[in-house]
Amino acid sequence: MIGQSKTLLLFGATGDLSRRMLIPSLYGLHADGLLPDGLKIIGTARSKLSDDEFRETAVEALREHLPEDFFSEMTARRFAQRITYLPVDVTTPDGYQELASRIDVDEGVSIFLSTAPSLFKAAIDNLAAVGLAGDTVKLALEKPIGTDLESSCEINDAVAAHFPENRIFRIDHYLGKETVQNLLALRFANSLLEPVWNASHVDHVQITVAETVGLEGRAGYYDTAGASRDMLQNHMLQLLALVAMEPPAAYDPDAVRAEKVKVLQSLRAIDADSAKANVVLGQYDGYLEELGDKSDTETFIALKAHVDNWRWAGVPFYLRHGKAMARRKTEIYIQFKCVPHSIFGNISGQMQPNELIISIQPEENIRIKMMTKTPGLDRGGMSLREVPLDVTMEGAFSDYRRRIAYERLLLDLIEGDPTLFVRRDEVEAQWNYIDGLRASWLRADMTPEAYTSGGWGPTGSTELTQRDGRAWND
Ligand code: BG6
């Protein structure tokens, strides 16, 4: 771990991420007394605002984005007093000197670049030129880090020219989610699951990230990214890595990330010959109208992935993500193998394999479906039924506030713990997989199938699991 920071510098402070997530997260940390004493927050962006004008926009953002019962005008105003603002054009050196003069670098600085990635290099060069890249400075980067492996390497090289890896904090906000971290607790703080967490006992794994939203006014970015680059490359592959990784020796940045990267590097490449059988692309009806243009961008992707290692040999990982789906649901579903022999005679229709369902959002719970005896005198033989063992996080932890993922990540950044940030080799392994996948579907002439908004994606997605005698857990 490297030291705590006494200054947090937010680039892109007037942007959408800052208003919706970063400012509300910092407010949450402030309200709970978790920010280091005397932490100064400096916002920068191009808009010419005074400190007070920026503070006013920050309070407005809090009013708009915080739950009503958590927002307090008085706390918001006190929190805003921690913030100052300086207009800076990221691309030109002007302004950086003044920025540097406001900061005591020796006391530690965290810089959060929430700007377009095309501006990263200019920003970092300019920061370095005024002494804001030294040993006490940490740098957080928001996704997307590139649009493919090559561009991601260019960005990573530009950053590495001034910052060593241990001071770079690449954000994947899914890792800040409580329920995602709970995956580690579920797997490695219980002895029950680990012995069956492998190809001998697991039939298959499903990871679903379904969203009801569409373009949300981000057409310019989204249409160049699509589902594969916007969600699969980062959040979904990180979820997969957490599900499939070996137990790390300790919960520390090197051990955890070393295990995740091994999984990412073990993903079987999907080649052009197998693309049609293993990948489904979709585009929701209404996308083109929303976009106002022609497009082959996928707003849905489903695929059958394999982790080619000893633990997971032969176990399919079905992944799917889409916009404009039936409901918002992020879930990991693990189906275990059926019992090898039923002692209950001819009840095959009722005997179901055990299932473990980890709901990440919006519900936060863990369910294990178990076979149990249906009450009765069993004159025709024992009757069985599947019943869930249910752990609802809200019930078990009702006195805990549900935090924004960025609260955790911002605090870890300020305190210098990179465990929940993505290391360069992980990002590159993720891009390597996605580049291969995209090249294969292009070579196989695949284009997205239309699907109805508010459904579960194109028919090809249902067929993907059906062909293997399985079904999505909708
Ligand atoms: C972002 C994507 O990274 O994650 C968005 O760019 C997506 O397209 C969002 O909507 C989903 O995040 P969450 O936390 O709402 O599941």
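Residues numbered from 1 in each chain as written. Predicted model: local features only at pLDDT ≥ 70, side-chain atom pairs only at ≥ 80, totals over all residues. Heavy atoms only, no water.

Caption draft 1: Inspection of the pairing of strand β12 (residues 355-361) at higher detail. Burial within β12 is extensive, with seven of its seven residues counted as buried. In the sheet, strand β11 (residues 329-336) pairs with β12 via six bridges, with the strands oriented antiparallel. Looking at β12, one finds that Glu331 is bridged to Ser359. With five bridges joining them, β12 and strand β13 (residues 365-373) adopt antiparallel strand pairing. Its bridge partner being in β13, Ile358 is matched across the sheet by Ile366. Between β12 and β13, which pair antiparallel in sequence order, lie three residues. (Buried < 20%, exposed > 50% of the residue type's maximum accessible area, 1.4 Å probe, protein only. Helix = DSSP H or I, 4+ residues; strand = E, 2+ residues; numbered from the N terminus. Pairing = 2+ DSSP bridges.)

Caption draft 2: Here's a closer look at the sheet that holds strand β5 (residues 137-141). Here we have six strands laid out as an open sheet, ordered β3-β2-β1-β4-β5-β6, and parallel in their pairing. Every other strand in the sheet has two partners, leaving β3 (83-87) and β6 (168-170) as the edge strands with one partner each. Taking the axes of each pair of neighbouring strands and ignoring which way they run, one obtains an average angle of 20° across the sheet. Taken together, the five bridges between strand β4 (residues 109-113) and β5 define a ladder with parallel strand orientation. Considered in β5, the bridge of Phe112 is made with Ala140. Here helix α13 (residues 405-415) sits on the sheet and contacts β1 (7-11), β4, β5 and β6; the angle it forms with β4, its principal contact strand, is near 140°. (Axes fitted to C-alpha atoms, helices over the stretch in contact; angles between N-to-C directions. Contact = heavy atoms within 4.5 Å.)

Caption draft 3: The site of the ligand, seen in detail. Contacts to the ligand come from Lys143, His173, Tyr174, Lys177, Glu211, Arg218, Asp230, Met231, His235, Lys323, Arg328 and Gln361. Between Asp230 and the ligand, the recorded distance is 2.6 Å, taken from a side-chain N or O atom to an oxygen atom. Within the contact set of the ligand, an oxygen atom lies 2.7 Å away from a side-chain nitrogen or oxygen of Lys323. Look at the ligand: alone it shows 400 Å² of surface, and the protein chains cover 82% of it. At three residues, the largest contribution of residues to the shell around the ligand is made by helix α8 (residues 219-244). Split into classes, the residues belonging to the shell around the ligand amount to two nonpolar, three polar and seven charged. (Near = heavy atom within 4 Å. Polar contact = N/O pair within 3.5 Å; in protein donor to acceptor, adjacent residues only side chain to side chain. Areas by Shrake-Rupley, 256 points an atom, 1.4 Å probe, with all protein chains shown as cover. Nonpolar A, V, L, I, M, F, W, Y, C, P; charged D, E, K, R; others polar.)

Caption draft 4: Structural view of the nonpolar core. Counting 110 residues, the largest nonpolar core has Phe112, Leu303 and Phe317 as the members making the most contacts within it. Here this core gets 12 residues from one element, more than from any other, and that element is α8. When near neighbours in sequence (up to four residues on either side) are disregarded, Phe112 contacts Leu9, Leu10, Phe11, Leu17, Leu22, Ala140, Glu142, Ile171, Tyr406, Leu410 and Leu413. Listed in part, the 29 residues of the second largest apolar core include Leu9, Val88, Leu99 and Val159. (Core = buried A, V, L, I, M, F, W, Y, C linked by side-chain atoms within 4.5 Å.)

Caption draft 5: Just the packing of aromatic side chains, in detail. Summed over the entire model, instances satisfying the criterion amount to 11 aromatic pairs. Relative to Phe79, the ring of Tyr27 has its centre 6.1 Å away and its plane inclined at 90°; by these criteria the two rings are edge-to-face. One end of the pair, Tyr27, is in helix α1 (residues 16-31); the other, Phe79, is in helix α3 (residues 73-80), and 52 residues separate them in sequence. One exposure class covers both Tyr27 and Phe79, and it is buried. With a centroid separation of 4.9 Å and an interplanar angle of 75°, the aromatic rings of Phe169 and Phe421 are classed as edge-to-face. Of the two residues, Phe169 is situated in strand β6 and Phe421 in the loop between α13 and α14 (424-443); the sequence distance between them amounts to 252 residues. If you follow Lys177 out to its NZ or CZ, it ends over the ring of Tyr174, 4.6 Å from the centre. (Phe/Tyr/Trp six-rings, centres within 6.5 Å; stacked < 30°, edge-to-face > 60°. Lys NZ or Arg CZ within 6 Å of the ring centre and 35° of its normal.)

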